[in-house]
Amino acid sequence: MKGKSDGFQKRRLLTSVAVVTIFLFLYFYFGSRSSAESALEYGSRSLKKLGSSYLGNDENTDSRQDGTSFKLGLDDSEDGMVSKSFPVCDDRHSELIPCLDRNLIYQTRLKLDLSLMEHYERHCPMPERRFNCLIPPPPGYKIPIKWPKSRDEVWKANIPHTHLASEKSDQNWMVVKGQKINFPGGGTHFHYGADKYIKSLANMLNFSDDNINNEGRLRTVLDIGCGVASFGAYLLSNDILTMSVAPNDVHQNQIQFALERGIPAYLGVLGTQRLPYPSRSFELAHCSRCRIDWLQRDGILLLELDRLLRPGGYFAYSSPEAYAQDEEDLRIWKEMSALVERMCWKIAVKRNQTVIWVKPLNNDCYMEREPGTKPPLCKSDDDPDAVSGVPMEACITSYSDRDHRTGGSGLAPWPARLTAPPPRLADFGYSSETFQKDTKLWQKRVEKYWELLSPKISSDTLRNIMDMKANLGSFGASLKNKDVWVMNIVSEEGPNTLKLIYDRGLIGSVHNWCEAFSTYPRTYDLLHAWTVFSDIEKKGCSGEDLLIEMDRILRPTGFVIIRDKKRVIDFVKKYLTALHWEEVTTDSSSEDQDGDETVLIIQKKLWLTSESLKNIEQ
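Thresholds, definitions, all that
- Residues numbered from 1 in each chain as written.
- Predicted model: local features only at pLDDT ≥ 70, side-chain atom pairs only at ≥ 80, totals over all residues.
- Heavy atoms only, no water.
- Helix = DSSP H or I, 4+ residues; strand = E, 2+ residues; numbered from the N terminus.
- Buried < 20%, exposed > 50% of the residue type's maximum accessible area, 1.4 Å probe, protein only.
- Contact = heavy atoms within 4.5 Å.
- Areas by Shrake-Rupley, 256 points an atom, 1.4 Å probe, with all protein chains shown as cover.
- Pairing = 2+ DSSP bridges.
- Axes fitted to C-alpha atoms, helices over the stretch in contact; angles between N-to-C directions.
- Salt bridge = Lys/Arg side-chain N within 4 Å of Asp/Glu carboxyl O.
- Disulfide = S-S within 2.5 Å.
- Core = buried A, V, L, I, M, F, W, Y, C linked by side-chain atoms within 4.5 Å.
- Phe/Tyr/Trp six-rings, centres within 6.5 Å; stacked < 30°, edge-to-face > 60°.
- Lys NZ or Arg CZ within 6 Å of the ring centre and 35° of its normal.
- Arc of directions from axis to C-beta.
- Lys, Arg positive; Asp, Glu negative; His and termini not counted.

Another aspect to go through is the overall build of the protein. Of regular secondary structure, the protein possesses 20 helices and 19 strands. Residue burial in the protein is summarised as follows: out of 618 residues, 54% are buried. Taking the intrachain contacts of the protein between residues at least 6 apart in sequence as the baseline, contacts between residues at least 24 apart amount to 72%. When the accessible surface of the protein is summed, it comes to about 27,800 Å², and 51% of that surface belongs to carbon and sulfur atoms.

Once that is clear, we can look at the sheet that holds strand 10 (residues 346–351). An order of 7-6-5-8-9-11-10 is seen for the 7 strands of this open sheet, with the pairing classed as mixed. Of all strands in the sheet, those bounded by a partner on one side alone are strand 7 (265–267) and strand 10. Strand-to-strand, the axes of this sheet are offset by a mean angle of 20°, without reference to chain direction. Packing against the sheet, helix 8 (residues 254–261) makes contact with strand 6 (241–246) and strand 7, and its axis sits at approximately 155° to strand 7.

Right, let's get into the pattern of salt bridges. Tallied over the full model, the rule gives 31 salt bridges. A salt bridge links Arg 463 to Asp 483; its shortest N-O distance comes to 3.5 Å. Linking Arg 463 in the loop between helix 13 (432–453) and strand 12 (464–467) with Asp 483 in the loop between helix 14 (474–477) and strand 13 (485–491), this pair joins segments that are 20 residues apart in sequence. The exposure class assigned to Arg 463 is buried, which follows from its relative accessible area of 7%. Taking relative accessible area as the criterion, Asp 483 reaches 45% and is therefore assigned partly exposed. Among the salt bridges present, the one from Glu 493 reaches Lys 539, with a minimum N-O distance of 3.8 Å. On the criterion of sequence distance, the pair formed by Glu 493 in the loop between strand 13 and helix 15 (498–503) and Lys 539 in the loop between helix 16 (532–538) and helix 17 (543–553) is long-range, its members being 46 residues apart. Residue Glu 493 is classed as exposed on the basis of its relative accessible area of 58%. The class of Lys 539 is partly exposed, set by a relative accessible area of 30%. Each of Arg 280, Asp 385, Arg 402, Asp 403, Asp 427 and Lys 499 takes part in a single network of salt bridges with overlapping partners.

Counted according to the given criterion, the structure contains 6 disulfides. Each sulfur in the disulfide pair Cys 287 and Cys 290 lies 1.8 Å from the other. Residues Cys 287 and Cys 290 are joined through a disulfide that is left-handed, its torsion about the S-S bond being -85°. Using a relative accessible area of 0% as the deciding quantity, one classes Cys 287 as buried. Between the sulfur atoms of Cys 514 and its disulfide partner Cys 541 the distance amounts to 1.9 Å. With the S-S bond torsion at 95°, the cross-link from Cys 514 to Cys 541 turns out right-handed. A residue pair is termed long-range when its members are at least 10 positions apart, and Cys 514 in the loop between strand 14 (507–511) and strand 15 (524–530) and Cys 541 in the loop between helix 16 and helix 17 qualify at 27 residues. In this structure, Cys 514 and Cys 541 share a single accessibility class: buried.

Let's shift gears to the nonpolar core. Of all hydrophobic cores here, the largest spans 121 residues; its most connected members are Trp 294 and Phe 315. Val 446, Trp 450, Leu 479 and Val 599 belong to the second-largest nonpolar core, a separate cluster that totals 19 residues.

This part is about the packing of aromatic side chains. Scanning all chains against the criterion turns up 25 aromatic pairs. Ring centres of Tyr 277 and Phe 282 lie 5.8 Å apart, and the angle between their planes is 85°; on these two criteria the pair is classed as edge-to-face. Accessibility classification places Tyr 277 together with Phe 282 in one group, the buried group. In this structure, Lys 180 is placed above the aromatic ring of Trp 155, and the distance from its NZ or CZ to the ring centre is 5.2 Å. Across the ring face of Trp 414, the terminal group of Arg 219 is positioned such that the distance to the ring centre comes to 3.5 Å.

With that out of the way, let us pick up the pairing of strand 10. Pairing of strand 10 with strand 11 (residues 354–358), which is carried by 5 bridges, proceeds in the antiparallel orientation. Following the sheet pairing, Val 349 is matched in strand 11 by Ile 356. Connecting the antiparallel pair strand 10 and strand 11 is a turn made up of 2 residues, with Asn 352 showing a positive phi of about 55°.

On to the sheet that holds strand 2 (residues 153–155), then. The 3 strands lie next to each other as 2-4-3, forming an open sheet whose pairing is antiparallel. Bordering the open sheet on either side are strand 2 and strand 3 (175–177), each of which pairs with just one other strand. Direction aside, the axes of adjacent strands within the sheet are offset by 30° on average. Where strand 2 and strand 4 (residues 180–182) come together, 3 bridges link them in antiparallel fashion.

Bringing the pairing of strand 12 into the picture now. Here strand 12 shows a buried face lined by Asn 464 and Met 466 and a second buried face lined by Ile 465 and Asp 467. Bridge count between strand 12 and strand 13: 4 bridges; the pairing is parallel. Of the residues in strand 13, the one forming a bridge with Ile 465 is Val 486. Two elements, strand 12 and strand 15, share 3 bridges in a ladder whose sense is parallel. Note on strand 15: the bridge partner recorded for Met 466 is Leu 527.

Listed as buried for helix 6 (residues 194–204) are Ala 194, Tyr 197, Ile 198, Leu 201, Ala 202 and Met 204. Viewed along the axis of helix 6, the buried residues span an arc of 160°, placing them on a single side of the element. Contacts from the buried residues of helix 6 go to helix 7 (230–235), strand 8 (282–288), strand 9 (309–318), strand 10 and strand 11. Looking one or two residues past helix 6, Asn 206 carries a phi angle of roughly 60°, positive in sign.

This next bit is on the side chain of Asp 223. Tracing the chain through its elements places Asp 223 in strand 5 (residues 220–224). No salt bridge forms around the buried Asp 223; measuring N to O, its nearest opposite-charge neighbour Arg 261 is 9.7 Å away. Not counting the four nearest positions on each side in its chain, Asp 223 is found in contact with Phe 231, Thr 242, Met 243, Ser 244, Val 245 and His 286.

Listed as buried for helix 18 (residues 566–573) are Val 568, Ile 569, Phe 571 and Val 572. All buried residues of helix 18 lie within an arc of 160° about the axis, which places them on one face of the element. Those residues of helix 18 hidden inside the fold are in contact with helix 16, helix 17, strand 16 (554–565), helix 19 (576–579) and strand 18 (597–604).

Across the junction of Trp 147 and Pro 148, the peptide omega takes the value 10°, indicating a cis bond. Mapped onto the elements, Pro 148 comes out in the loop between helix 4 (102–108) and strand 2. Looking along the chain, the bond that leaves Gly 494 and enters Pro 495 is cis, with omega of 0°. Within the element layout of this structure, Pro 495 appears in the loop between strand 13 and helix 15. Backbone geometry at Glu 215 places phi at a positive 60°, although glycine is not the residue there. In this fold, Glu 215 is placed in the loop between helix 6 and strand 5. Classification of Glu 215 by relative accessible area gives exposed; the value is 52%.

Here it is in structure tokens:
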């Protein structure tokens, strides 16, 4: 018996040694692989439970209490250069949009009016309920197809949702072909292609050569209920920039498809809040069978479009109601016609199932209405450019005395308007000289950026670009000759220079970088952050949270350009390993640096979770 016991003890000892040896081997093997500077990182730390990622890690968030956001997440060490690692979110959160997360709505039991679309509006999590983890790409994720080829096809693995292909199969929205999803250019109202439909709109308006840009006078368009944004995609060849807008509704991946294709788009809804764009931003608003009840709440949604349209702007409405074939359509058409007439819109043209209304150039029609006519004019103290958290109102936004006298937008045709001082420049007390100086400064800076990026990029590397602090829009204006588009972001705290950006023929949105942006993960190729970290520090917000958010919206292999104080650059560098980012270069030698500004350029690595690797191996 004793011999058997000794043998058993020896075998158990040998087994234990073998297990420890294997463990040490795996630890050093995978540890060395994860620290290697390869293009592929193995993120096998996917969280198992929703609660642990949703509520955050207490160990990592305790330091938020002292208000020193730029010290967050750092381990105690002699040089303070060792950052904590970020866990990877569970794979099922690969499409997380924090401020449009339905799970948050359900879990916090928000009382929202579904009939007013409040559940599709922004509802951001409190700090203690934020995800403090990196969003993983879906299994089998590939580097997106490059523009312009991406207009017509994307990788199915990147957006593995094909229900729209079958649901809209008779409308040519999208077609699944092998590993790709193709976009034939169709829509609910234009089955045979957006290009033909666009030409027909130009023909209805008697524009020269059936060109919808009307010799540069029509440049910015708002497409409400845009589907997969093929209307905006085909307007690009007409030198027209479209803000394609749709909610994260039952067709929840529409905007994700649009951005994957390289088409400007934004997650938004006509609900209870103003859209995040200033007044008089668009020459044309468009709705093609967008299933919106325009008559609700005294026409409040049409009045929001009226706020956004420029003097003389158009609203193109393609819907059965415009043709009035049955009793219900006829009723809607009559009520809608009466409403827009009281709003002083005129029918420019009506053909088949499409009507195009035009907005007045000045206040004359408003002044001639009978007293008590509804909708009323907005109160004199209403700021038509205030949008952050501002409820829509059922009132008409009239023109200022200056704009009334001018009659029209006063804008130069595109592309001259890009560099011409905008008429609304005087609203900010800026001179034409200040504007021109800013334009030249950013031209010089952008040239330097491209010089620093040149070893890493080619002509088709970048497509979707975001300027996180756009100011006058000169960064985006300097990219005119690049085959890119720019989402220009202006702080909700002002000055609200976004109307100058739209006057230049560019597009953008108002946003607060203490919160997540309304977009899907992996939707931008380049983020430009000029003093954004310094700005949020002043507001007491977390630099670590901003880094996680930037990582969320940045495509794998995409770039970040941070222009900020040296201490901010040092702070960001401490997180590069944790974020799987790689420094491209640091530059502080430029003559045009403001104070102690330094430029840091970073590239995001492609990393995959263990689930993704299994998918590839199969």
